[in-house]
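One letter stands for each residue in the lines below.
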Amino acid sequence: MKLISAQKISYKINEKKLFHNLSFEVFSGEGLHIKGGNGSGKSTLLKILLGITSITKGSIEYNNQDLKISYLGHKNAIKHYLTPSQNLQLLFDDATLSNAFEWLEKLDLFQMQDELTANLSFGQQKKLALIRVLAQSPELIVLDEPFVGLDHAASDLLNNFLIQKLSEGTGIILTSHIHPSFECQVIALGERNV
Amino acid sequence: MFRFLKIESFKLFYKLKSWLGPMLIMILVLTAFPLSIDISQFDLEKFYFSIIVVSLLMTSFLATEGMFEEDFEDGSLEQEFLVEQDFYKIVLSKIFVYVCFIGVPIAFIGAIFSFANGVAIGSFMNVFFLLSLSNLLLFNLFAFGNALSINKGAMLGVITTLPLALPVIILLGTAIRSIQYEDGFLEISSLMIGVGFLISAIMPLIISTALKTHID
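(A) Fine view of the pairing of strand S1 (residues 2–13) of chain A. Residue and element names in this part refer to chain A. Pairing of S1 with strand S2 (residues 16–27), which is carried by eight bridges, proceeds in the antiparallel orientation. In the strand pairing of S2, Ser5 is matched with Glu25. Taking the residues that link successive antiparallel strands as the turn, the S1-S2 hairpin has two residues, and the phi of Asn14 there is positive, at about 50 degrees. Where S1 lies against strand S4 (residues 57–62), five bridges are found, and the strand directions are antiparallel. When the bridges of S4 are listed, Gln7 appears paired with Ser59.

(B) Quick peek at a nonpolar patch on the surface. Nonpolar side chains collect at one region of the surface, where Leu16, Leu20, Leu24 and Ile27 of chain B lie side by side and expose about 320 Å² of accessible area between them. Judged by its relative accessible area of 47%, Leu16 of chain B falls in the partly exposed class.

(C) Layout of the confidence of the model for chain B. Per-residue confidence for chain B gives a mean pLDDT of 86, with 92% of residues at or over 70. Here the predicted complex scores 0.86 on pTM and 0.82 on ipTM.

(D) Representation of the interface of chain B and chain A within the structure. If you look at the interface, chain B gives 19 residues, while chain A gives 19 residues. Interface area for chain B against chain A, summed over the two sides, is near 1,800 Å², with a carbon-plus-sulfur share of 54%. When the area that chain B buries against chain A is broken down by residue, the three leading residues are Glu78, Gln79 and Leu82 of chain B, summing to 33%. In this structure, Lys79 of chain A and Asp74 of chain B form a salt bridge, with 2.6 Å as the shortest nitrogen-oxygen distance. At the boundary of chain B and chain A, one finds twelve residue pairs in polar contact (both at pLDDT 80 or more). Elements that contribute at least two residues to the side of chain B that touches chain A include exactly helix H1 (2–14), helix H4 (69–73), helix H5 (76–84) and helix H9 (185–215) of chain B. Of all the elements, H5 of chain B adds the most residues to the side of chain B that touches chain A, at five residues. Of the residues that constitute the side of chain B that touches chain A, the class distribution is seven nonpolar, three polar and nine charged.

(E) Looking closely at the pattern of salt bridges. Residues and elements named next belong to chain B. Within this structure, the stated rule accounts for 14 salt bridges over all chains. We note a salt bridge from Lys15 to Glu70, for which the minimum N-O separation is 2.7 Å. In this pair, Lys15 sits in the loop between H1 and helix H2 (16–36) while Glu70 sits in helix H4, placing the two residues 55 residues apart along the sequence. Taking relative accessible area as the criterion, Lys15 reaches 14% and is therefore assigned buried.

(F) How the structure looks around the nonpolar core. Judged by nonpolar contacts, the single largest core of 88 residues is most densely connected at Ile9, Phe19, Phe24 and Ile173 of chain A together with Phe68, Ile207 and Leu211 of chain B. Looking at this core, the element that brings in the most residues is helix H7 (residues 124–148) of chain B, giving 14 residues. If near-sequence neighbours (up to four positions away) are discounted, Phe24 of chain A is found in contact with Ile4, Ser5, Ala6, Ile9, Leu32, Leu45, Leu49, Gln185 and Ile187 of chain A. Core analysis: the next-biggest nonpolar cluster, separate from the first, contains 31 residues, Phe101, Val133, Ala135 and Phe182 of chain A among them.

Cut-offs used in this document
Residues numbered from 1 in each chain as written. Chains lettered and ligands numbered in written order. Predicted model: local features only at pLDDT ≥ 70, side-chain atom pairs only at ≥ 80, totals over all residues. Heavy atoms only, no water. Pairing = 2+ DSSP bridges. Helix = DSSP H or I, 4+ residues; strand = E, 2+ residues; numbered from the N terminus. Patch = residues over 30% accessible without salt bridge, like charges linked within 9 Å, V, L, I, M, F, W, Y side chains within 5 Å. Areas by Shrake-Rupley, 256 points an atom, 1.4 Å probe, with all protein chains shown as cover. Salt bridge = Lys/Arg side-chain N within 4 Å of Asp/Glu carboxyl O. Buried < 20%, exposed > 50% of the residue type's maximum accessible area, 1.4 Å probe, protein only. pLDDT = per-residue confidence, 0-100. Contact = heavy atoms within 4.5 Å. Buried area = accessible area lost by both parts, 1.4 Å probe. Polar contact = N/O pair within 3.5 Å; in protein donor to acceptor, adjacent residues only side chain to side chain. Nonpolar A, V, L, I, M, F, W, Y, C, P; charged D, E, K, R; others polar. Core = buried A, V, L, I, M, F, W, Y, C linked by side-chain atoms within 4.5 Å.

Spelled out as structure tokens, the structure:
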């Protein structure tokens, strides 16, 4: 089943083209890896696919308007003045909260659940933010540089999770400087002026 | 909508500085002002309301400072946009929660101090009601200023919203005189309720558009 389809999309900022006439499709159980240098427009492309940023030209179609998407961008969307436990209470409803706490344990954060999130390291905050994606069952997962800041164990856990989700039929779009350990389409974005 | 109210209440409850700070400043100003000047009780009764109005203006500005900035900075706005596709409900909930958790207590403090400074006990509820309504208007206006000034410094918000706040202050002043002279309270409070409804419905729409522009 086709989840998302981009047809000849172009985007320019300050008269500089970040990408031009880009077309691709993502189906259920399929991965898309967007790679490119710093400032090549990887994050912008993700935001365009999510409808956060408007494109200059082209069209994006979704399988349905209620497509369930989990997204984690550069910004973690966690509150530093709350504890990890309170952050999860904020993000999840009663039905999914226990699952989120299970992930807290798997990611070695359970002992710190009552500490202030501001006191956690960058990697630990990233793990906490990832639970937003890990503890849900979306049709499409969109991740912006998900492996940055993660230790080997957490990277492996995330990789395995993504592989499992692909086998369950979830679509995955991610940006990363390293190639993910599963088969996927690759879009290489050029330098800033391409 | 209920989900947003729950989320915003939860967040504000743990942001002690955001709700306790304005209340303490309100108390501090209302207490310190009469102490700081040599003035008779008779004179104080005449213009103490002005101090309450200025304190209200100042604390409501302080309370709404950073209202949307934090959610913008940490990426929460993007996440909410994915779910809702606009910010209207979020903005509406946020302003409602801020008015309930900060605006109404500030109005209560203002009403207590007005009572302590010579306003008849029977007028307490009227004063409280007017100050709460004024806070509803001011919070909406300053929330707009805050939404505009994300990433652009607080000055843009101040420059844009302070002129808009002046009519509210004039309205509040007129309402307070109607209490002092016991004339026309019903008319002026009806006008404020009407304006309150209008601004509460329209302002979140404008703020929502401003926020969308910021994340775009």
